[in-house]
Each structure stands twice: as C-alpha cells, then as structure tokens.
Amino acid sequence: MQTLETALKTIIQDADRLIFRGIEEKYLSDALGRRRGTAEALVFPLNTQEVSSVLRYAHENHVPVTPRGAGTNLVGSTVPVKGGIILDLSRMNRVLELDEDTMTITVEPGILLQEVQAYVERRGFFYPPDPGEKASSIGGNISTNAGGMRAVKYGVTRDYVRGLEAVLADGTVLQLGGKQVKDASGLSLKHLLIGSEGTLAVLTKCVLRLLPKPETAVSVLVPYPDLNTGIRSVLTILRANANPTAVEFMERKVVALGEDFSGVSYPRPDAGSYILLTFDGHQSEVEANAARVRELALENGALDYIVLTDPAQAADIWKVRGALVKAVEAVSEQEPVDIVVPISHTADFIRFINELETSSGMRMISFGHAGDGNVHLCVVRGSRDEDTWQRELHTNMDAAYAEAYRLGGVASGEHGIGLSKRRYFLRETAAENLAAMNAIKDALDPLHILNDQKSYIKGDTDHAEPF
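Residues numbered from 1 in each chain as written. Predicted model: local features only at pLDDT ≥ 70, side-chain atom pairs only at ≥ 80, totals over all residues. Heavy atoms only, no water.

Asker: Got a minute to help me understand unusual backbone geometry in this structure?
Answerer: Negative phi is the rule for most residues except glycine; trans is the rule for most peptide bonds. In this structure, His62 takes a positive phi of about 55° despite not being glycine. Position of His62 relative to the elements: it lies in the loop between helix 2 (48-60) and strand 3 (65-68). For Asn451, which is not glycine, the phi dihedral falls at a positive 45°. Mapped onto the elements of the fold, Asn451 is located in the segment after helix 15 (431-444). (Helix = DSSP H or I, 4+ residues; strand = E, 2+ residues; numbered from the N terminus.)

Asker: What's the story with helix 1 (residues 4-11) in this structure? I'm lost.
Answerer: Structural remark: α-helix, 3.6 residues per turn; residues separated by three or four positions point the same way. Among the residues of helix 1, Leu4, Ala7 and Leu8 are the ones counted as buried. Angularly, the buried residues of helix 1 cover 95° about the axis, an arc narrow enough to put them on a single face. Looking at the buried side of helix 1, the elements it contacts are strand 1 (18-19), strand 2 (41-43), helix 2 and strand 4 (85-88). (Buried < 20%, exposed > 50% of the residue type's maximum accessible area, 1.4 Å probe, protein only. Arc of directions from axis to C-beta. Contact = heavy atoms within 4.5 Å.)

Asker: Explain the packing of helix 7 (residues 227-239) against helix 9 (residues 283-299) to me, please; I cannot follow it from the model alone.
Answerer: Helix-helix packing is characterised by the crossing angle of the two axes and by the distance between the axes. Contact geometry for helix 7 and helix 9: axes closest at 9 Å, N-to-C directions at 145°. Here the hand of the crossing between helix 7 and helix 9 comes out right-handed. Counting all contacts with helix 7, which are made through Ser233, Thr236 and Ile237, the residues of helix 9 involved are Val293, Leu296 and Ala297. Here the contact of helix 7 with helix 9 is composed, by residue class, of four nonpolar, two polar and no charged. (Axes fitted to C-alpha atoms, helices over the stretch in contact; angles between N-to-C directions. Left-handed = near helix turned anticlockwise from the far one by under 90°. Nonpolar A, V, L, I, M, F, W, Y, C, P; charged D, E, K, R; others polar.)

Asker: I would appreciate a short explanation of helix 8 (residues 252-262) in the present structure.
Answerer: Listing the buried residues of helix 8 in full gives Arg252, Val254, Val255, Leu257, Gly258, Glu259 and Ser262. For helix 8, the elements touching its buried residues are strand 13 (246-251), strand 14 (273-281), helix 10 (311-322), helix 11 (324-329) and strand 17 (364-369). Of the residues flanking the end of helix 8, it is Gly263, one or two places downstream, whose phi is positive at about 80°.

See the structure below:
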C-alpha cells in the first residue's frame, strides 16, 4: 500500500509544491495564530485535476483534508484539527477570462480580492463585495459569503457568484451555474456551497458578476451626540431611498483608539458617535443623495454634516475606521466578533454590550455596519492569565450571543462559524436545522474528509478552547 508521501508525489510532480516535514506555523492556523492544528502534508495544487486527484486519494484512504486560501480567516476555519492534508489553493490565482458581453470574470479561487478589484476597475468594471481584508482570497470570500461595508447597497459575495467549478470529497468535479443571469433548473447547488466554509467541496473556478464602474464617489462624516441618535437617524436615511453605499457606525471612545493608533484626528471630538457614509454612482445622483441625507441627518439630531471633498481628508477618516482592530491589537490580545442583528436593534445590542462591559469588567470595543446591523466587537483580554481569559471570555460571549439571538440576530454576518463560534452556534440553532445541515454533509462527504468538526458538523467536541 502506498504511503501518503509516495501517493502525493505521484499526483504532484513538482517537489516545491509538496511539504511533509517542517510545515510552517502559518499553515497550521488562521490569521490570529492562536489555534494550532497538525498535518502530515501541505499540498499546493495548480489545477482542477490535481485537486480532484488529491481528494480522490484522500477519500479512498480516509485522510482528512483542510482547504485554505490566503489564510486570513478569523474563526479557525483553516486550522487542520484532524491532521492529514492541508490543500492550499493560493497558487491557483489566475484570471481565466473577462467576458465584457456578459459582464463576468472567471478566476481561480486563490486570486486575492484586491487583485480582482484592481483588474476589473482598470477596465471600467466594478466588483462590489468589499470585506475589510483586501488580501483575502476569492475562494475564501465565497466559502464564508463575505460581506463588507458596501453590503448595504450592493449586497454580499453570494449576490455576485454566477457560477462555480467545485470538487467533491471523492474527487468528483461539478460545474454549477454559469454566465447566465437566471437559473430555475433544479436545486441551486452553487448557493449550497457559498458560505459552507470548505465543508462540502473545494472550489476551483469562480464566475463572478461585474457592474459598470461608478462615475464618482464621495464620503460624508456625520457626528451625533450619542449612538442611539445616530442609529435612529440611519433608519430614517435608509427609508428615504437615498441609496448610500456604506453606512458605518463608531462610538467616540472607539474612534479615540483609532486616532491614537493612526495619528489622525476626527473633526467634532465633542460627538458621542459618528456615522460614516459613502455614496457612489453618477455625479448628479451622488450629489442629490448626499444633499437629501444632509437634510435628514440634521433634522434627526446630527451635530454636523461634513462632506469629505478633500481626498486626503477622506482617506484619513477611512484610515481610522480601517485601523480599529489593529489599534486594539496593539494594546492587547482580543477576540474578534461579528454578530449581526436586525438594523432596528443595533442600538439595543450595543447598549447591552456596554452594560455587559460595565458589569463584567471586560473591555468590549464595538463598531460596524449600521446599514445592515453587523456589529463588530473586539473583546479585550487585558492582563488576564490564560485560564481567566478563557473562562471570562466564554461567559461573556455566551451572554452576548444569547442576546443577539433574542433580538432576532445570528452568530456571524461575515467571518463564518469555524471553530471559535461553534459552541454558540450549536447552542442557538434549532436541532432540526442542524440535522438538515449534517444530512447534506453526510450526502456530499460521507466519510467527513473535508474540514470536519467545523461550524455545523456534528462531533464529540466543539473545539471551543484554543489548541
């Protein structure tokens, strides 16, 4: 019987695309590097046939496989908890076709989001999904149904996936969807794979929908006396059909952290919170929408309405927003959370978090997407030892997730479930839903080869603690 090393060397001919000893730590973890798995092999395929052959071998020999792309995930989805093979798709990173007639681009899964965006924008097109990590891979974005700041106007990754080529755990290659706009032909297997976190199949080609590049864009900073006033104003703005591209919320105490980290100062430091908006489209449309929102914002308690006409100032303002997580990390280890609630309950949830912070003594930094209810939290470790940190973190997260579900929300809006949210997701999700998900897993991957023990998949442990 062939050994794992011998078998993989038969499939992958290039020695530099196979590693069996001394696998770097970054491949055994995720972007945070706090949970670590083990693996017997690290494989870098270059095409669909190699992916299929590796999976066929793994299936026949019951070898676990953990797919990964750029490794930017924050919930442990790429941690190889069961050993076996790490299937790294980062070298499958080509643009295969730009079809201007159907306004689609076909790419391999390892290409980075920022590379796709730059490529299409140079040619007058626009790929709207815009998660915060621009160095994430397109395959990873699809596997987590990544969102981002522009979701309020343009939707999330799922809305821009026209077709997929995917390889099942036994090596079977599927062609799903295509360049066509409509498809009412049978079950939508494409949508089943989007957001599945690598548990059902490995993506090898992605057909993405494009839009014409917007003519112009402008950002606006709106200071409010407090968060409640700001969030209520956002609901008025959304109902007014002003069509903002992004609507971000930040409390003043959070902005202060970003200012210290980036060296940039926000105007109106007397504000209790800020709403940061972007409008894009034709010049006349952008101007009309921004003017309409100005009127609504000032009528609904805004302290000011600052149109960021200076590109350098706009870049600085967004720099602070983009640096918030790094600003927290510079001070202390933190647990990133991306709970989502109905937009009408965003202020309620933030108020609950602020009360939880006070009662627990654990610092919680909150900001996020006011336009879609996606609340980002940085739960700060501070000086706690490991045992205290883990105990208090999970106690407080139990409370936070329970409140989110009580308000009609869910555990993740963008990052996925992976390992770190598994205990909360399994607790809050209906048993009937979990049974249906696991039935699908059993049908497509009966031996549980692919990314087992992650997200919804049943098992004897929830891996809530770090490895």
